[in-house]
Amino acid sequence: MAARRDRRHAGGRRGHDRRAHRLAERGCAAPLTNRSSKENSVKPRARTRIKGTALLAAALLVASGVGLAASAAQADPTTCGTTDVAAGKVATASSVNGSNVAANAVDGNSGTRWESAQGHDPEWIQVDLGSSQGICSVTLNWEAAGAKDFTISTSQNSQDFTQVYSGTNATAGVHTVTFDQPVSGRFLRVTGTSRLLPYGYSLFDLNVYTTGPDGNDQALQPKACAGGTTGGKVPTNPGFGSNVTIIDPSWPVSKINQALAAAGGEGEFSTNRHAVLFLPGTYGCADGTDGSNATFQQYIDGDTGSYADLVNGAVGYYEQVAGLGASPDDVTLNGAIHSDGQASHQAMPWAGGESALTNFWRSLSNVKINPIQKATDADIASANYNASDFPGAVGGNFPEGNAPAGQLTWAVSQAAPLRRVDVAGNLSLFPAYGGYSSGGYLANSKVSGQVISGSQQQWYTRDSSIGSWNGSVWNMTFSGVQGAPAQSFPTPPYTTLPTTPDTRDAPFLYVTGNQYKVFVPKAGTNTSGVNWSTDASAGRSLPISSFFIARPSDSVQKINQALASGKNLLLTPGEYRYAQAIQVTRPDTVVLGLGLPTLVPTNGKAALQTSDVNGVVISGITVDAGAKLSPSLIEIGDSHGNGHSPASASDPTTLIDVFVRVGGAEPGKTDTAIVVNSDHVILDDIWSWRADHGAGVGWTQNTANTGLEVNGDDVTALGLFVEHYQKNQVVWNGEGGTTVFYQSELPYDVPNQAAWTDRSGGASRNGYASYRVADSVRTHTAYGLGVYSYFNQGLDIVEDSAIQAPTRSGVQFVDMVTRFLNGNGSITHVIDGAGAGVRLAAAGEDANAVETAYLAAYPGADKTPPVVTATLARNGFVTLTATDDFAAPVTVLYRIDDGPLGPQSGWQPYTHPVRISGADVLDYLALDQAGNASAPGSISAK
């Protein structure tokens, strides 16, 4: 993925209206919920006056004591005032759509409106009246897209609500609800439970009239700030080093945010690495202001509300943020740990910039987030906008880092996983203002609200629970996800599997009993949903004493000696430059990285090698190729077929969040980046990248043939990203392989067609297929594959097929897409001559139809019979030849009929030429493995 990636959304065109695009994106990216309320069923009596075309039925009971309290300062409870006490007050909502924020409903202007997220029930809008009031009348001015059914509730603390009105079968227009006796409340909430139209709820005005303060004010709930660590003590740091920051709940929020800012400030190819770890507890205050109603100028000034008690940090390059609880819910963050689009330095933010296309090498895991997100100081400073660029702008969320109430932004591309995260609200996967992101990963997580993909071009979600999903571009793949959209490829392009075939979750550091441990989950088959258990049935809990805690200053000999003695390995943040490979020789060894540590081979060797043993788990590391060519960078198992021992399906070796790059950070070379020789290996979230930008980048500089070679049998890849290699991106030689989600860009910098012609096997093919399954493979399955082209050298480079595989019933591909991103050239077919080609659309052509090609299945069921031909030689020998569309053995049968006496023999398999003479007639037919039979044929000796 590169800074030069195509910045168009599906169907977008060069030079299109960026502002319109931004508004459209915000429309599909509305948040869902902020915080659920507790509603009781106490219902005082109310009368409804109807204006316009509205019809409501109201017959409600009086609640004992509600609204009847008095004090010396209380106004006459029998007189309903004529002043709208909601005007100009703070209004919030469960969601907003674009700039139609909650404040619009209380701004006194009937030309503005609040609009909720589209297509979702329930949704609410709430106003804080500033003090407890005797509420005697409420007026609602609904737009055509209003509420059919709704309720009104009140609260003294914004958390515990009492329903005071219920309306049904309403129509658009003005509704005035008048209470026979005042109802008491500081906060008034209107909740729509059923919509008039398929869109969101749309309210022009919310007016509240009262008898005045009623003296029922309550102290607001105490702030949900710091909680205690497990055991009430801070465990002793076992020696993680200065690049690991361990935060406990005694830290003031200001100190936390400073630590996050310091760790998140690295450049794209920095050599620094960071881990920020939160001990169990609660951080930040849940009642912080979300800032969604601030003006643009307030964002420029940094004055967007009371954020002082909110945890707020943007996760940057080479930064891991994680909780240290046994469950994600052991660490609650009120605020947001987010990843945002990189702000444009142009007058208009929707003019492009780098978006999130290069937001790589970061992670967030094992925390619960109550999302109240704002821009960081660095984001505000880098935005470089002027208020004059946005005359009259109100209610926007500039710059990138701000988000609507209840929404967390995780705008990333590759190598930026979300794992074991509990988002108590919505999750947005793309930059706020129309920028792009391309490829991401979510696993074993819960999102209570909606996941909004927006301009995110492809995404893989595994074994999670989500409230709903909104959006698609080219390839959205789900396996084992509760709440996932139904299978619908390609309109929209959702690939949805009910379960994940084989998986093992990432090991993680946690604290229990005031001691650091590492939990290593067991492998599973056909999994679905969230599993946060740390019971013995779910995996192994290893004491930190079982790990050799390595620092970059340690020699590779010292590390290998520790591994050989039975230690596991924990790599602390930093770069490890070694002339020899790290050697993992013992079964069930764990290699765990903190802060994305990087291994760099310096002498043409591999960076890491494992023996062909069971249960090795490697997680959270990056590998850079060195300047001296390495045949491979990561080797899993011994050479297949050379002393190869069978592995265990129940205890597979697993690579998780392993990211390899060739060039970019520094000059580097390799033949094949990752080689998997062992059987029963799981590859979970792998990015193998030949750099397209950065240091040492060029066709003859960062040379690398293939990103992944699989020689082992029964290997499973979940979330496989392989890009820009100079030959096949992936070569799969092993049997029984499975891939769920594949994302690949072809090399950008092909200098000419001759340099990129596949001549293997005596053939001559234009280009190298991205995903190559060997001709000898009999069983292989892949779901949700996307291959993309951007040939940027100004030449018409052609690739014949994006995917190449043998045509057999046991080799099946489901849901494939190819896309012309930008530049020149074309892809002729999706797979093996099937599927349409993609190229740059000419003027007047439908760009979506020409530049994107989908293929739902290949080869599918074998329904075509084989074809048999017979040739009679002069010596009387008949040769039978059969062909079939599937690359599978065909059975040819024959019998000889010598005329009036009937068949001389029954049907028998044909193995070699058969001699006939005289009146003989040879009958023949063929059967393929699917049972399809050719039409019978015959040939006579005469």
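Rules used throughout
- Residues numbered from 1 in each chain as written.
- Predicted model: local features only at pLDDT ≥ 70, side-chain atom pairs only at ≥ 80, totals over all residues.
- Heavy atoms only, no water.
- Buried < 20%, exposed > 50% of the residue type's maximum accessible area, 1.4 Å probe, protein only.
- Helix = DSSP H or I, 4+ residues; strand = E, 2+ residues; numbered from the N terminus.
- Pairing = 2+ DSSP bridges.
- Core = buried A, V, L, I, M, F, W, Y, C linked by side-chain atoms within 4.5 Å.
- Contact = heavy atoms within 4.5 Å.
- Polar contact = N/O pair within 3.5 Å; in protein donor to acceptor, adjacent residues only side chain to side chain.
- Phe/Tyr/Trp six-rings, centres within 6.5 Å; stacked < 30°, edge-to-face > 60°.
- Lys NZ or Arg CZ within 6 Å of the ring centre and 35° of its normal.
- Disulfide = S-S within 2.5 Å.
- Salt bridge = Lys/Arg side-chain N within 4 Å of Asp/Glu carboxyl O.
- Arc of directions from axis to C-beta.

Trainee: What am I meant to see in the pairing of strand E27 (residues 508–512) here?
Mentor: Side-chain direction in a regular strand flips from residue to residue, so the side chains alternate between the two faces of the sheet. Most of E27 is tucked away: four of the five residues are buried. In the sheet, E27 pairs with strand E28 (residues 515–521) via five bridges, with the strands oriented antiparallel. Across the sheet, residue Thr512 finds its bridge partner in E28, namely Gln515. In this structure, the hairpin formed by E27 and E28 is closed by a connection of two residues, where Gly513 is found at a positive phi of approximately 60°.

Trainee: Teacher, can you tell me more about the nonpolar core here?
Mentor: It is characteristic of soluble globular proteins that their nonpolar side chains tend to be buried jointly. Grouped together as the largest cluster of nonpolar side chains are 75 residues, with contacts concentrated most on Tyr771 and Phe813. In this structure, Tyr771 is in contact with Val730, Trp732, Thr739, Tyr742, His780, Ala782, Leu785, Ala802, Ile803, Gln804 and Phe813, ignoring residues within four places of it in sequence. Phe240, Val244, Leu277 and Phe478 belong to the second largest nonpolar core, which has 62 residues in total.

Trainee: I tried to follow the environment of Arg462 on my own but got confused; where do I start?
Mentor: Within the secondary structure layout, Arg462 lies in strand E22 (residues 458–462). Arg462 sits in the buried class, given a relative accessible area of 0%. C-alpha of Arg462 to C-alpha of Gly480: the two residues are 18 residues apart in sequence and 5.9 Å apart in space. Look past the residues within four positions of Arg462 in its chain and what remains in contact with it is Arg419, Tyr441, Leu442, Ala443, Asn444, Ser479, Val481, Thr500, Thr503, Asp505, Asp684 and Leu718. Separated by 3.0 Å, the side chains of Arg462 and Thr503 make a polar contact. Side-chain polar atoms of Arg462 contact the side chain of Asp505, separated by 2.7 Å.

Trainee: Hey, could you run me through the sheet that holds strand E34 (residues 582–584) in this one?
Mentor: Hydrogen bonds along the backbone pair up the strands of a sheet, which may run parallel or antiparallel. Read across the open sheet, the ten strands follow the order E34-E37-E39-E41-E43-E45-E49-E51-E53-E54; overall the sheet is mixed. In this open sheet, the two strands that pair with only one neighbour each are E34 and strand E54 (838–839). Bridge count between strand E41 (residues 670–676) and strand E43 (residues 704–710): five bridges; the pairing is parallel. Across the sheet, residue Thr672 finds its bridge partner in E43, namely Thr706.

Trainee: Where do I start with the packing of aromatic side chains in this structure?
Mentor: For any two aromatic rings, the description comes down to two numbers: the centre-to-centre distance and the angle of the planes. Across all of its chains, the model carries 31 aromatic pairs by this definition. Measuring from ring centre to ring centre gives 5.6 Å for Trp474 and Tyr788, while their planes differ by 40°; the resulting arrangement is tilted. Taken together, the residues Trp474 in the loop between strand E23 (465–470) and strand E24 (475–479) and Tyr788 in strand E50 (residues 780–791) connect sequence positions 314 residues apart. Trp474 sits in the buried class, given a relative accessible area of 1%. Above the plane of the ring of Phe161 lies Arg189, whose end atom (NZ or CZ) is 4.2 Å from the centre.

Trainee: Mind showing me how you'd approach the state of the cysteines here?
Mentor: Here a disulfide denotes a covalent bond joining the sulfur atom of one cysteine to the sulfur atom of another. Taken as a whole and assessed by the stated rule, the structure comprises one disulfide. Here Cys80 engages in a disulfide with Cys136; their sulfurs sit 1.9 Å apart. The sign of the 80° torsion about the S-S bond sets the Cys80-Cys136 disulfide as right-handed. Of this pair, Cys80 sits in the loop between strand E2 (46–50) and strand E3 (90–93) while Cys136 sits in strand E5 (residues 123–142), placing them 56 residues apart in sequence. What makes Cys80 partly exposed here is its relative accessible area of 34%. Using a relative accessible area of 5% as the deciding quantity, one classes Cys136 as buried.

Trainee: I would appreciate a short explanation of the pattern of salt bridges in the present structure.
Mentor: As a working rule, side chains carrying opposite charge can pair if their charged atoms are close by. Throughout the structure, instances matching the rule amount to 20 salt bridges. Among the ionic pairs, Arg504 bridges to Asp651, the shortest N-O distance being 2.9 Å. Of the two residues, Arg504 is situated in strand E26 (residues 500–504) and Asp651 in the loop between strand E39 (630–636) and strand E40 (653–662); the sequence distance between them amounts to 147 residues. Connected via shared salt-bridge partners are Arg419, Arg462, Asp463, Asp505, Asp657 and Asp684.

Trainee: Help me understand helix H2 (residues 253–263), please; the structure alone is not making it clear to me.
Mentor: Residue pairs spaced three or four apart in an α-helix point in one direction, given the helix's 3.6 residues per turn. Those residues of H2 lying buried are Val253, Ile256, Asn257, Ala259, Leu260 and Ala263. Down the axis of H2, the buried set is contained in an arc of 155°. They therefore lie on one face. Away from its buried face by more than 90 degrees, H2 exposes Gln258, Ala261 and Ala262. The elements touched by buried residues of H2 are strand E10 (244–247), strand E11 (274–278), strand E12 (281–283), strand E13 (311–314), strand E14 (319–323) and strand E15 (331–338).

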